[in-house]
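Each chain, written out:
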Amino acid sequence: MPSWVTQGIDEYVRRMPKECQVKFVELPLGQRAKSKNIKQAMQQEEKSILAAIPDNVQIIALEVTGRNWSTEVLSNKMQDWMQSGKDVALLVGGPDGMTQACLNKAQEKWSLSNLTLPHPLVRIVLAEQLYRALMVIKNHPYHK
């Protein structure tokens, strides 16, 4: 990732309190070449994604067909997640999306936007929105 992406993510991750740590786990993309079709690449990504999901977590797939959440809805969901005592895994697929197996594993599907966003920007938007939602919970003026 370009340095501006890492710097942006690091800024919001650094701001998160210990009770709401955020960790980005980057997985390799499935190989895309003339000799391999997209389905094979997505199946490689599926294996990596499913293997990386810890046991006993709430799984949310970021998916274009998911529900759009306002900041307030996200903050309510974050409160529920924190009160459940479970960690949350937010899944972001590769450039061609996620396989049905990954989507089926998720308890919810969330769409950040109807727009197509590049992966570097998705990371920053996700980190910032998680921080913003937490600030709503804490009644901090950041959200205003």
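The structure under discussion appears in the preceding block.
Residues numbered from 1 in each chain as written. Predicted model: local features only at pLDDT ≥ 70, side-chain atom pairs only at ≥ 80, totals over all residues. Heavy atoms only, no water.

With that settled, the discussion passes to the sheet that holds strand E1 (residues 57-68). Here three strands make up an open sheet; going across it, the order is E2-E1-E3 and the pairing parallel. Each edge of the open sheet carries a strand with a single partner, namely strand E2 (87-92) and strand E3 (108-111). For this sheet, the mean angle separating the axes of adjacent strands, direction not counted, is 40°. As defined by bridge partners, E1 adjoins E3 across five bridges and the pair is classed as parallel. Bridge assignment links Leu62 to a residue of E3, and that residue is Trp110. Across the sheet, helix H3 (residues 71-84) lies against E1, E2 and E3, angled at about 145° from E3, the strand it touches most. Lying over the sheet, helix H5 (residues 119-137) contacts E1, E2 and E3, oriented at roughly 155° with respect to E2. (Pairing = 2+ DSSP bridges. Helix = DSSP H or I, 4+ residues; strand = E, 2+ residues; numbered from the N terminus. Axes fitted to C-alpha atoms, helices over the stretch in contact; angles between N-to-C directions. Contact = heavy atoms within 4.5 Å.)

A few words now on unusual backbone geometry. The phi dihedral of Asn56 falls on the positive side, at around 60°, and the residue is not glycine. Mapping Asn56 onto the fold places it in the loop between helix H2 (38-52) and E1. Within the chain, Asn139 stands out as a residue other than glycine whose phi angle is a positive 55°. Within the fold, Asn139 resides in the segment after H5.

Turning our eyes to something else, we now look at the layout of surface pockets. The calculated volume of the largest pocket comes to roughly 1200 Å³. In this structure, the largest pocket is lined by 39 residues; those nearest its centre are Lys23, Phe24, Val25, Ala89 and Leu90. Put simply, the parts of the chain that give the lining of the largest pocket at least two residues each are H2, H3, E2 and H5. Its volume calculated, the second largest pocket comes out at about 440 Å³. Leu62, Glu63, Val64, Leu117 and Val122 are, among the 18 residues lining the second largest pocket, the residues nearest its centre. Secondary structure elements with two or more residues in the lining of the second largest pocket: E1, E3 and H5. It is E1 that provides the largest number of residues to the lining of the second largest pocket, a total of three residues. Of the residues belonging to the lining of the second largest pocket, the class tally is 10 nonpolar, seven polar and one charged. (1 Å grid on protein atoms, 1.4 Å probe; cavity = no way out; pocket = protein on both sides within 12 Å on 5 of 7 lines; lining within 4 Å. Points joined across faces, edges and corners; volume = space filled by probe spheres on them. Nonpolar A, V, L, I, M, F, W, Y, C, P; charged D, E, K, R; others polar.)

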